[in-house]
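Letter by letter, the chains look like this.
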Amino acid sequence: QMASCVAPVAAAIRAPARARHAAKPRAARVTSQIRAANEEAGEYVSVRDTIEAKIAAEIQCEYLMVNDDSAKHSLHKGMHDGNAKTHGNESHFSVVVVSDSFDGMNPVKRHRTINAILQEEFDAGLHALQLTTRTPAEHRKAKTSAP
């Protein structure tokens, strides 16, 4: 099951405007709908929540976890002086995606799939993304072999 914190953001994705934006890639429509819903409500949506909602909209996940690791990198020289083109303090994320859709894909193709979904975030300054992409069987095996 996907984390319940996605539900409010994911609800904004299911807007009837989907038909009007059929020519746009789904991930771009998701970003537009999230921003529109939250601008209307006067709320800020974090990059973390946007990443989670976009992946959830594109891939049927058995498990999805997005961590904002930016604080671990806050003292890196050049990170927040404008040179790295980051989203303020939201620049580094680790993501775990477990999905049947990865079955038969090699790790590079899995990562390219996620990177393509998040292309808009990379273009806007997402600096680092650590990905763990597994099938449910691989995830069960990894959990049982962990110390």
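Residues numbered from 1 in each chain as written. Predicted model: local features only at pLDDT ≥ 70, side-chain atom pairs only at ≥ 80, totals over all residues. Heavy atoms only, no water.

Notes on the overall build of the protein chain
Helix and strand counts for the protein chain stand at 6 helices and 3 strands. Buried positions account for 39% of the 147 residues belonging to the protein chain. A sequence separation of at least 24 residues applies to 69% of the contacts in the protein chain between residues at least 6 apart. When the accessible surface of the protein chain is summed, it comes to about 8700 Å², and 52% of that surface belongs to carbon and sulfur atoms. (Helix = DSSP H or I, 4+ residues; strand = E, 2+ residues; numbered from the N terminus. Buried < 20%, exposed > 50% of the residue type's maximum accessible area, 1.4 Å probe, protein only. Contact = heavy atoms within 4.5 Å. Areas by Shrake-Rupley, 256 points an atom, 1.4 Å probe, with all protein chains shown as cover.)

A closer look at the pattern of salt bridges
Side chains that carry opposite charge are capable of pairing whenever their charged atoms lie near each other. Under the defined criterion, the tally for this structure stands at 5 salt bridges. Ionic pairing is found between Arg-48 and Glu-52, a salt bridge with its closest N-O pair at 3.1 Å. One end of the pair is Arg-48 and the other is Glu-52, both in helix α3 (residues 47-58) and 4 residues apart, which spans about a single turn. The exposure classification of Arg-48 matches that of Glu-52, with both residues buried. Linking Lys-54 and Glu-121 is a salt bridge whose minimum nitrogen-to-oxygen distance equals 2.7 Å. With Lys-54 in helix α3 and Glu-121 in helix α5 (residues 119-123), this pair connects stretches of sequence that are 67 residues apart. Judged by its relative accessible area of 4%, Glu-121 falls in the buried class. One continuous salt-bridge network, built from bridges that share partners, spans Arg-48, Asp-49 and Glu-52. (Salt bridge = Lys/Arg side-chain N within 4 Å of Asp/Glu carboxyl O.)

Remarks on the sheet that holds strand β2 (residues 92-98)
Pairing is mixed across the open sheet formed by 3 strands, whose spatial order is β1-β2-β3. Both outer strands of the open sheet, β1 (63-68) and β3 (128-134), are each paired with one neighbouring strand and no more. Direction aside, the axes of adjacent strands within the sheet are offset by 10° on average. With 6 bridges connecting them, β1 and β2 associate as antiparallel partners. Looking across to β2, one finds that Val-66 is bridged to Val-95. The sheet contacts of helix α6 (residues 136-145) involve β1, β2 and β3, and relative to β3 the element is tilted by about 100°. (Pairing = 2+ DSSP bridges. Axes fitted to C-alpha atoms, helices over the stretch in contact; angles between N-to-C directions.)

A few points about the nonpolar core
By size, the foremost hydrophobic cluster in this structure holds 18 residues, and its most contacted members are Ile-51, Ile-55, Leu-64, Val-95, Val-97 and Ile-114. Secondary structure elements with two or more residues in this core: α3, β1, β2, α4 (107-117) and β3. For this core, the element with the highest residue contribution is α3, accounting for 4 residues. Once you skip the residues sitting within four places of it in the chain, Ile-55 turns out to touch Cys-61, Leu-64, Val-95, Val-97, Ile-114, Ile-117 and Leu-118. (Core = buried A, V, L, I, M, F, W, Y, C linked by side-chain atoms within 4.5 Å.)

Here we look at the side chain of Thr-133
In this structure, Thr-133 sits in strand β3. Filtering out sequence-adjacent residues up to four positions away, Thr-133 remains in contact with Val-97, Phe-102, Arg-110, His-111, Ile-114 and Glu-138.

A look at the environment of His-92
For His-92, the position within the fold is in strand β2. Taking C-alpha positions, His-92 is 8.3 Å from Ala-71, a pair spaced 21 residues apart along the chain.

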